[in-house]
Amino acid sequence: DNVTGGYLATEHLIAQGYRRVAFFSSKTITESTIIDREAGYDMAMRAAGRPIEPSLKIFFDYTRSAATPILEAMQSPQPPDAFFAVNDVTATYLFGQLEKIGYRVPEDVGIIGFDNLKMAFENRVSLSSIDQNFYKLGYEAAKMCLQQMVAESPLMQKVYVPVHLVARESTKRPRA
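Not measured: the values here are computed from a predicted model. (Residues numbered from 1 in each chain as written. Predicted model: local features only at pLDDT ≥ 70, side-chain atom pairs only at ≥ 80, totals over all residues. Heavy atoms only, no water.)

Student: Give a detailed account of the overall build of the protein chain, specifying residues and quantitative values.
Tutor: The secondary structure content of the protein chain amounts to 5 helices and 6 strands. Scored against the burial criterion, the 176 residues of the protein chain give a buried share of 43%. Across the protein chain, contacts joining residues at least 24 apart in sequence account for 73% of those joining residues at least 6 apart. When the accessible surface of the protein chain is split by element, carbon and sulfur atoms take 57% of a total near 9600 Å². (Helix = DSSP H or I, 4+ residues; strand = E, 2+ residues; numbered from the N terminus. Buried < 20%, exposed > 50% of the residue type's maximum accessible area, 1.4 Å probe, protein only. Contact = heavy atoms within 4.5 Å. Areas by Shrake-Rupley, 256 points an atom, 1.4 Å probe, with all protein chains shown as cover.)

Below is the structure:
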């Protein structure tokens, strides 16, 4: 459930006290996962009474470095103080780039990813993430394949597998 996951990630950052939460993703916006996660981000921002600011939606091209859009965002007059990265791979890259230009996670900026991959534990600071039940995803996909094999006509269905927030160090706001 990518929409709910995007909502939970963004809602968590807002609840932690972050004021300018950015959505960070590749430009492959035709992928339903990215579209749905961005929709969840938008919903959470609206629910918190926050405007959807185009400057807080940062997209990059996977064929080029994402370092430039990150640097531009952080040098803007009103930089983000937190990022919802579309997945853990992107969040880990973002983490490294922010530290290269002098930002500390979570002291200066918070980051949350999506997938809850093993790499979430491998940063200097453990990464908050939205956990997907990959076993359940595989099970449901296999079940759909078997149903497709015995069906006389193609079956079109969506199955939503629940997600949940795993809060770790990367989103813990330091107390004043």
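Don't stop here, the text continues.
Student: Quick rundown of the sheet that holds strand β1 (residues 21-26)? Include the residues and the values.
Tutor: Spatially, the 6 strands line up as an open sheet ordered β2-β1-β3-β4-β5-β6, and their pairing is mixed. The open sheet terminates on both sides in strands that have one partner only, identified here as β2 (57-60) and β6 (163-166). Averaged over all neighbouring strand pairs, the angle between strand axes comes to 20°, with direction disregarded. In the sheet, strand β5 (residues 128-132) pairs with β6 via 4 bridges, with the strands oriented antiparallel. If you follow D131 over to β6, its bridge partner there is H164. The strands touched by helix α3 (residues 67-75) are β1, β2 and β3 (82-85); relative to β2, the strand with the most contacts, the crossing angle is about 155°. (Pairing = 2+ DSSP bridges. Axes fitted to C-alpha atoms, helices over the stretch in contact; angles between N-to-C directions.)

Student: Tell me about the nonpolar core, residues and numbers included.
Tutor: In this structure, V21, F24, F83, F84, L94, L98 and I111 are the most contacted members of the largest nonpolar core, which totals 37 residues. Only α1 (2-15), β1, α2 (32-47), β2, α3, β3, α4 (88-100) and β4 (110-115) provide two or more residues apiece to this core. Discounting residues that sit within four places of it in the chain, I111 has contacts with F83, A91, L94, F95, L98, V105, L127, S128, S170 and T171. (Core = buried A, V, L, I, M, F, W, Y, C linked by side-chain atoms within 4.5 Å.)

Student: Could you give me a rundown of the packing of α1 against α2, with the residues and numbers involved?
Tutor: Between α1 and α2, whose axes approach to 7 Å, the crossing angle comes to 40°. The pairing of α1 with α2 is recorded here as oblique in orientation. Considering the relative orientation of α1 and α2, their crossing is right-handed. Residues N2, V3, G6, Y7, T10, E11 and I14 of α1 form the contact with α2, whose participating residues are T33, D36, R37, G40, Y41, M43, A44, M45 and A47. Of the residues contributing to the contact of α1 with α2, the split by class is 8 nonpolar, 5 polar and 3 charged. (Parallel < 35°, antiparallel > 145°, perpendicular 65-115°, else oblique. Left-handed = near helix turned anticlockwise from the far one by under 90°. Nonpolar A, V, L, I, M, F, W, Y, C, P; charged D, E, K, R; others polar.)

Student: Give a description of the pairing of β4 that names residues and reports values.
Tutor: The buried fraction of β4 is high, at 6 of 6 residues. Pairing of β3 with β4, which is carried by 3 bridges, proceeds in the parallel orientation. Looking at the pairing, A82 lines up with G110 of β4. Two elements, β4 and β5, share 4 bridges in a ladder whose sense is parallel. Among the inter-strand pairings, F114 is bridged to a residue of β5, identified as I130.

Student: Tell me what's going on with the environment of L127, and back it up with residues and numbers.
Tutor: Counting through the fold element by element, L127 comes out in the loop between β4 and β5. Those residues in contact with L127, other than ones at most four positions away along the chain, are D88, A91, T92, I111, I112, G113, A120, R168 and S170.

Student: Please give an account of the pairing of β1 that cites residues and values.
Tutor: β1 sits mainly inside the fold: 6 of its 6 residues count as buried. In this sheet, β3 lies alongside β1 in parallel orientation, the contact comprising 4 bridges. Across the sheet, residue A22 finds its bridge partner in β3, namely F83. Looking at chain direction, β1 and β2 are connected through 4 bridges and run parallel. Bridging from a neighbouring strand, S26 pairs with F60 of β2.

Purely geometric stuff here, so don't read any function into it on its own.
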